[in-house]
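An overview of the molecular structure
Chain by chain, the residues:
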Amino acid sequence: LPEKYRENIIKFRSTLTHRTLHSSLAFIKGFYPNGTFIKIEVSDKYIDPWRRSSQICPKLKEMIENVRN
């Protein structure tokens with residue numbers, strides 16, 4: 001990773017859940033403690049296409065049920 005944050009190279013994503021947003025901020029501050037403006041792209045976790053959801057992925061639902069059993 002570059003020593004200075006470069007928006008055209010590095011992207012950060014999070015949901016709007018406070019826990020995940022705060023974790024993202026802490027993670028980013030660890031990499032770039034002197035960063036003044038670092039963009040975090042946020043998405044609604046219910047429609048985020050990168051988030052695996054057992055509601056839309058039958059294989060994931062099957063795997064979760066196998067673990068529970």
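Residues numbered from 1 in each chain as written. Predicted model: local features only at pLDDT ≥ 70, side-chain atom pairs only at ≥ 80, totals over all residues. Heavy atoms only, no water.

1. Topic: the packing of aromatic side chains
For the structure shown, the criterion picks out four aromatic pairs. Between Tyr5 and Phe12 the ring centres are 6.2 Å apart and the planes differ by 25°, which places this aromatic pair in the stacked class. Each member of the pair, Tyr5 as well as Phe12, carries the same accessibility label: buried. Ring centres of Tyr5 and Tyr32 lie 5.9 Å apart, and the angle between their planes is 65°; this geometry places the pair in the edge-to-face category. In this pair, Tyr5 is assigned in the segment before strand 1 (12-15) and Tyr32 in the loop between helix 1 (18-31) and strand 2 (40-43), connecting sequence segments 27 residues apart. Overall, Tyr5 belongs to the buried group, its relative accessible area being 18%. Judged by relative accessible area, Tyr32 falls into the buried class, the value being 4%. (Phe/Tyr/Trp six-rings, centres within 6.5 Å; stacked < 30°, edge-to-face > 60°. Buried < 20%, exposed > 50% of the residue type's maximum accessible area, 1.4 Å probe, protein only. Helix = DSSP H or I, 4+ residues; strand = E, 2+ residues; numbered from the N terminus.)

2. Here we look at a nonpolar patch on the surface
A contiguous nonpolar surface patch, about 360 Å² in accessible area, is contributed by Leu1, Phe27 and Phe31. Considering the arrangement of structural elements, one finds Phe31 in helix 1. Given the relative accessible area of 39%, Phe31 is considered partly exposed. (Patch = residues over 30% accessible without salt bridge, like charges linked within 9 Å, V, L, I, M, F, W, Y side chains within 5 Å. Areas by Shrake-Rupley, 256 points an atom, 1.4 Å probe, with all protein chains shown as cover. Salt bridge = Lys/Arg side-chain N within 4 Å of Asp/Glu carboxyl O.)

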